[in-house]
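Residue strings, one per chain:
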Amino acid sequence: MPLSNLNEDQLSAATCPTGYNLIIASAGTGKTSTIVGRIANLINHGVKPEEILLLTFTNKAAAEMVARVAKFFGKEIAQKIMAGTFHSVSYKLLKQLNINITLKQPSELKTLFKSLYEKRVFYDRSDEANPYDGGYLYDIYSLYLNSNEGEDFATWIKNKNEAHEIYTAIYEDVVIEFNELKIKYGYANFDDLLTIMLDTLKNTEFDFKEILVDEYQDTNPLQGRLLDAFKPKSLFCVGDYDQSIYAFNGSDIGIISTFSQRYKDAQVFTLRKNYRSTKPILDLATKVIEHNERVYEKHLQVMRTDVTIAPKLLAFTELFQQYHHISDLISKSSTSHNEIAIIFRNNSSADGIEANLREYGIPAKRKGGMSFFDSVEIKFVLDILVMQLSHNDMMAFIHVLEYGKGIGKAIAKDIFDALSRLGDGDIMKGLFQPNQSITNPFETNRIKNIQLGLFDDFLELGSISKFKDCNFEENFLSNPILKHPKLTVDGAKYIYDFYLLIKQVRRTKVPESMVASIVGSMLYSKIKDMLATKRATQKDGKINDIQKTKALAKINRKVMLLRTLSKNFQDLSKFVNSMILGGSEMSEGEGVNLLSVHASKGLEFKEVFVIDLMDGRFPNRKLMSKGGSLEEERRLFYVAVTRAKDILYLSYAKYDKIKKIDFIHSPFLKEAGLIKNEEEN
């Protein structure tokens, strides 16, 4: 049984009485074993698996824990546990209640938000600050949803930056229009799943006997309110305040640090035995993190005695000399590539090291930058599929059309609205059998309002005569959407290719066949060429043909991976939802792991390089000035170094010859005792 494998601290936590329990679990102390032991203890004492709610930071972590429970109780029992992230669990529960939701990635709805924002004109401007751009305002609104303490959006923005008070009326109106459209089309991004779930819990109760929360230190105020809204009879929260690194995403370290004050008769347990890292690595990590205020006391005991390699500091005269030397070390290392991680604070660091590894012929996989599913070539395919599930998916439509030359987000939305009017609410009907009695499908109900930045964009319709030589089918040529005053010939040709692709895709229902139809289409070949050309364009404007060939090959590899994934599904809806919910946790290929500190969380490797440890880069002073803190940067350092099991390298450079910037070492290297005085630098 899982309980028999636990040490004294783990067993004490796993078998504690029901109530409000907080378990402080530092890196490598066996928190997963403790959580699995707790679930086993609950089941052994008569709690039904469906009465257990397990909330984790990733769906992968939830799946691993459920799989471990299944080893002891069987798959049938384990799969009855409601397990996943706050977002995926909310999605499952809302689906159980038959609440209509079309799930969208945050980046997808950002496109919709920007299409609304781009229609606004800021007539009045502050001397102190320009308006936020649409993408940044979307991110700010997401942060507001996750971190606000009850104040309205305008007040929250004013408190963050008083110079933007003049723009808050427009900001709020864009948000209102955005939310109205989401409700109209049933869209929900990850933030919405939590807010809808929170609202649902006002009138609905779920009979969970205990709620278990992993990575509790990264809970944000919205998740905290949601947790309380479940009215838990018993809470089992596992976390480590020294690993709270998501403040930029709204997480609040105060939630874990005030647990004992917020819950009556709360108990706090500490897991003290570290099984992951060697003593020299753990001593270094502890020496640095103890510069932060101690929330709960903990004194870790190192259980490993097999390896005692001291962490090594690598200092370089020049930045790229650092990347070159690390690549050389890896090329000579006996450690398998999959057991090596290079951890960085900034994406620019990853670009440099990735290029050097390629020179050495060392395979690498990168996570922490753009997700596989965020790449245009993959999102495009999924958006076409989404439109087969829901004809009126405005978001998918805008995403696909915005890449047409001269179209963009705002015109794409105009065309969507026009097709909806022409098809009596069905854009596919508007595309293939438009209502010809509607002469101006671009009329809008929005009233001109200077204060809210609204104006009339359709004083005069365009002529379709300019498209007569385009060899369009007669049915398409007669469609009133071609009267959009800003639609160019190139834009119309792009929409025509879309029209032909949709005709083709509608002939099949199997996900793999649909993916094959899309990637084999004329439209997709143009998308691939456009992306490869863009990625191969040099700073002088010339196209590097070799880079373009490589870019096309990379796109084709991604498409083949998506097609392989689709083979596991016969139902299109299940395939699309699986890609959206689990997509951000996937990474491609084999080789050395290139990871941002945030992406490295929860992972462990035999050999770890933490690079670019220069003051300004790590800690990142720029992010600190925007609301971060040295304490959070120090926690990021702690997370990075505790990924290492056996071998740890810490590196920095003194000069960047390309940007002509001088550096000094990170203060964390001095706190670690690796740099004794300034003369040694």
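Predicted, not measured: the structure shown is a model, and the values here were computed from it.

(A) Structural view of the domain arrangement of the protein chain. Each assigned domain of the protein chain is listed here: domain 1 (8-99 + 206-271), domain 2 (102-185), domain 3 (302-369 + 589-672) and domain 4 (376-573). Here domain 2 and domain 4 have C-alpha centroids that lie 26 Å from each other. The interface of domain 2 with domain 4 comprises 21 residues on the first partner and 25 residues on the second. Interface area for domain 2 against domain 4, summed over the two sides, is near 2,000 Å², with a carbon-plus-sulfur share of 60%. For the pair domain 2 and domain 4, the number of links is one salt bridge. The residue K119 makes a salt bridge to D414 at a minimum N-O spacing of 3.6 Å. When residues of the side of domain 2 that touches domain 4 are traced back to their parent elements, those giving at least two are helix 6 (106-117) and helix 9 (168-185). Here the side of domain 2 that touches domain 4 takes eight residues from helix 6, the largest share from any one element.

(B) Just the environment of T200, in detail. Structurally, T200 is set in helix 10 (residues 190-200). With a relative accessible area of 13%, T200 lands in the buried category. Sequence separation between T200 and D417 is 217 residues; the distance between their C-alpha atoms is 30 Å. Leaving out residues up to four positions away in the same chain, T200 has contacts with L94, L97 and I99.

(C) Highlighting the side chain of N7. For N7, the position within the fold is in the segment before helix 1 (8-14). On the accessibility criterion, N7 (12% relative accessible area) is buried. Among the polar contacts listed, one links the side chain of N7 to the backbone nitrogen of D9, at a separation of 3.0 Å. Polar side-chain contacts of N7 include one of 2.8 Å to the backbone nitrogen of Q10. Ignoring anything within four residues of it in the chain, the contact list for N7 reads K273 and Y275.

(D) Fine view of helix 10. Along helix 10, eight of the 11 residues are buried, which leaves the element largely enclosed by surrounding structure. Along helix 10, the positions that sit buried rather than exposed are F190, D191, D192, L193, L194, M197, L198 and T200. In this structure N189 caps helix 10, since a side-chain oxygen of it lies 3.1 Å from the backbone nitrogen of D191.

(E) Representation of the nonpolar core within the structure. Ranked by internal contacts, the top residues of the largest apolar core, which has 87 residues, are F153, I384, L385, F498 and F575. Here this core gathers at least three residues from each of two domains, domain 2 (102-185) and domain 4 (376-573). Once residues within four sequence positions are removed from consideration, F575 is found in contact with L382, L385, P511, V515, L562, L565, S566 and F569. Judged by nonpolar contacts, the second largest core, of 53 residues, contains L284, V288, A599 and A644.

(F) Focus on the UniProt feature "domain: UvrD-like helicase ATP-binding" (unreviewed entry) in the protein chain. Taken from the UniProt record, the annotation "domain: UvrD-like helicase ATP-binding" (unreviewed entry) applies to residues 4-278. Helix and strand shares over residues 4-278 are 48% and 12% respectively, and the end C-alpha atoms of the span are 25 Å apart.

(G) Representation of the sheet that holds strand 11 (residues 312-316) within the structure. The sheet built from six strands is open, its strands ordered 11-16-15-12-14-13 with parallel pairing. The sheet is open, and its two edges are formed by strand 11 and strand 13 (364-367), each paired on a single side. Neighbour-to-neighbour, the strand axes of the sheet open up by a mean angle of 20°, direction not taken into account.

(H) Broad picture of the sheet that holds strand 6 (residues 210-213). The strand order 3-2-6-7-1-8 describes an open sheet built from six strands, whose pairing is parallel. With one partner strand each, in any of the chains shown, strand 3 (82-84) and strand 8 (267-271) form the two edges of the open sheet. Ignoring which end each strand starts from, the neighbouring axes of this sheet average 10° apart. Sheet analysis places strand 1 (residues 20-25) next to strand 8, joined by five bridges and oriented parallel. Opposite N21, over in strand 8, you have Q267 as the bridge partner. The strands touched by helix 2 (residues 31-44) are strand 1, strand 2 (52-55), strand 6, strand 7 (235-239) and strand 8; relative to strand 6, the strand with the most contacts, the crossing angle is about 170°.

(I) Looking closely at the packing of aromatic side chains. Inspection of the entire model under this criterion finds 38 aromatic pairs. Relative to Y323, the ring of F320 has its centre 5.2 Å away and its plane inclined at 85°; by these criteria the two rings are edge-to-face. Within this pair, F320 and its partner Y323 are both found in helix 15 (residues 319-332), separated by three residues, close to a single helical turn. For F320, a relative accessible area of 29% puts it in the partly exposed group. On the basis of relative accessible area, Y323 is assigned to the buried category, the value being 1%.

Reading the values: the criteria
- Residues numbered from 1 in each chain as written.
- Predicted model: local features only at pLDDT ≥ 70, side-chain atom pairs only at ≥ 80, totals over all residues.
- Heavy atoms only, no water.
- Domains from an automatic or database assignment.
- Contact = heavy atoms within 4.5 Å.
- Buried area = accessible area lost by both parts, 1.4 Å probe.
- Salt bridge = Lys/Arg side-chain N within 4 Å of Asp/Glu carboxyl O.
- Helix = DSSP H or I, 4+ residues; strand = E, 2+ residues; numbered from the N terminus.
- Buried < 20%, exposed > 50% of the residue type's maximum accessible area, 1.4 Å probe, protein only.
- Polar contact = N/O pair within 3.5 Å; in protein donor to acceptor, adjacent residues only side chain to side chain.
- Core = buried A, V, L, I, M, F, W, Y, C linked by side-chain atoms within 4.5 Å.
- UniProt positions renumbered as here; feature names shortened; annotations may be inferred.
- Pairing = 2+ DSSP bridges.
- Axes fitted to C-alpha atoms, helices over the stretch in contact; angles between N-to-C directions.
- Phe/Tyr/Trp six-rings, centres within 6.5 Å; stacked < 30°, edge-to-face > 60°.

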